[in-house]
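Observations on the model geometry
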Amino acid sequence: MDYYAILDVSKNASQEEIKKAFRKKAHQCHPDKPGGDEKKFKEINEAYQVLSNSQKKAQYDQYGSTFEQAQSNGGSYGFGGFQDFSGAFRNSGRGGIEFNFEDLDLRDIFVFFFGGTKKQTTKKTQGNDIEIEMSLQFEEAIFGVKKQIEINKFSVCSHCHGNAIEPGTKIITCSTCHGKGQIQRIQSTIFGQFRTVDVCPDCQGEGKKAEKKCTECNGQGRVRKIEKIEVEIPAGIDQGQTLKLSHQGDIGIKGGRSGDLYVTVRILPHSKFKRKGNDILSKATITFSQAVLGDKIEVETLEGKVRLKIPAGTLSGKIFRLTDKGIPYLQHRGRGDQLVEVIIFIPQKLTKEQKKLLEELKKQEM
Ligand SMILES: [Zn+2]
Ligand SMILES: [Zn+2]
């Protein structure tokens, strides 16, 4: 929409001319009048809201038709509802107009009407979250471990301690807002005059500013550093799980809140053990005679060797359960088991004596 064309004024029109043009146009097509045009009236109102506001006008001049988009993407206005104001008109069905409050943030509309002050926070932007991956040995994931890692992140500037001011610099009152931190503007509309309040762009609402920015961080209050962070890996963490370390991400600008650090674990494979949920899978080899006659064998676990009883007549592939030799549960007490699959070893080479004995067995049909 061309706001200048709607009000029929030139780009160089003064505020007085804009106001005059608006009054005339609004009068002509007011929906309450015979021959009134609600749609046109809305457009006129919208055009006036923008062109009568020097900040919005400048932005409109710069962005043109993408003005609304630019604004909804975080324009610097204190009052989000203002722009939507004209769009909030609805035909009441009685030839008049009314507000559709559902379209607006109520707080904004009340601020708009009553000249209240929306809470303005000073410009302390929050720091970003950081996401990293960490490789763990199989055992480290199972029993837990404390690891020191090095992270390149934004940390507080040690020169200015985060306040972004060069040490020894005087703090002066902001001349733009005279220390108020806000700038007021009187807005004239067909409904009367309204007061709007915006954060002072020079001091970001603080009312004062430093004569000189910190030279070390260029007024950011933070610098990039390699930081050592201790990460405590809980026993039982599984592949791909993520730990959140609150406030260990980038610190915000000028001491703003820190983001979080997310650590996702990658568990390296083990040569002897596999993991299945909270159980550990392993294999043990026994001889033919051990399988047939039964025996006690030694089985490797993550905590050393244990004895396992092989009953007589054990079949190859049978699985034995070693209770509580598995992986601790993250959520509750206790741990899984170790499941040992026994494989009967078939020798590929035999001594003469062995061969003779086996020939004897064969005669016995075994
Ligand atoms: Zn600094
Ligand atoms: Zn200021």
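Rules of the game
Residues numbered from 1 in each chain as written. Chains lettered and ligands numbered in written order. Predicted model: local features only at pLDDT ≥ 70, side-chain atom pairs only at ≥ 80, totals over all residues. Helix = DSSP H or I, 4+ residues; strand = E, 2+ residues; numbered from the N terminus. Pairing = 2+ DSSP bridges. Axes fitted to C-alpha atoms, helices over the stretch in contact; angles between N-to-C directions. Core = buried A, V, L, I, M, F, W, Y, C linked by C-beta atoms within 7 Å. Buried ≥ 20, exposed ≤ 12 C-beta atoms within 10 Å, placed from the backbone. Contact = placed C-beta atoms within 7 Å. Parallel < 35°, antiparallel > 145°, perpendicular 65-115°, else oblique. Left-handed = near helix turned anticlockwise from the far one by under 90°. Nonpolar A, V, L, I, M, F, W, Y, C, P; charged D, E, K, R; others polar. Expected span 1.5 Å × (residues − 1).

**Section: the environment of Pro-311**
Tracing the backbone through its elements, the reader meets Pro-311 in the loop between β15 (304–310) and β16 (319–322). Placed 16 residues apart in sequence, Pro-311 and Asp-295 show a C-alpha to C-alpha distance of 6.6 Å.

**Focus: the sheet that holds strand β12 (residues 274–276)**
Sheet strands associate in pairs through backbone hydrogen bonding, adopting either a parallel or an antiparallel arrangement. Read across the open sheet, the four strands follow the order β12-β13-β17-β16; overall the sheet is mixed. If you trace the sheet from one side to the other, it starts and ends with β12 and β16, each paired once. When strand polarity is set aside, the average angle formed by the axes of neighbouring strands in this sheet is 35°.

**A short note on the nonpolar core**
Within the largest apolar cluster, 14 residues are counted, with the highest numbers of intra-cluster contacts made by Tyr-3, Leu-7, Ile-44, Ala-47 and Leu-51. Element by element, the count of residues in this core is highest for helix α3 (residues 38–51), at six residues. Not counting residues up to four positions away in its chain, the partners in contact with Ala-47 are Tyr-3, Ile-6 and Leu-7.

**Some thoughts on the packing of helix α2 (residues 15–28) against α3**
Interaxial distance between α2 and α3 falls to 10 Å at its minimum, and their mutual angle equals 165°. Of the possible angle classes, the one that applies to α2 and α3 is roughly antiparallel. Crossing handedness for the pair α2 and α3: left-handed. Only Phe-41, Ile-44, Asn-45, Tyr-48 and Leu-51 of α3 make contact with α2, whose side of the interface consists of Ile-18, Phe-22, Lys-25 and Ala-26. Per-class residue counts for the contact of α2 with α3 are seven nonpolar, one polar and one charged.

**So, the environment of Asp-37**
By the secondary structure assignment, Asp-37 is in the loop between α2 and α3. Between the C-alpha atoms of Asp-37 and Ala-26, which are 11 residues apart in sequence, the distance is 9.6 Å.

**Description of the pairing of strand β7 (residues 192–199)**
Direction of pairing for strand β6 (residues 182–189) relative to β7: antiparallel, over a ladder of eight bridges. In the sheet register, Thr-189 faces β7, and the bridge partner there is Gly-192. Remark: two residues form the turn of the hairpin made by β6 and β7, two consecutive strands paired antiparallel.

**Describing helix α10 (residues 352–363)**
Each full turn of the α-helix corresponds to 3.6 residues, which orients residues three or four apart in the same direction. Across its 12 residues, α10 extends 17 Å between first and last C-alpha, which sits within 8% of the 16 Å expected from 1.5 Å per residue. Where burial is concerned, little of α10 is hidden: zero out of the 12 residues are buried. At the C-terminal side of α10, Glu-365 shows a positive phi close to 60°.

**Remarks on the sheet that holds strand β10 (residues 242–245)**
In spatial order, the strands read β3-β11-β10; together these three strands make up an open sheet with mixed pairing. Looking at the sheet topology across the chains shown, the edges are occupied by β3 (130–136) and β10. The average angle at which neighbouring strand axes cross in this sheet is 25°, direction not considered.

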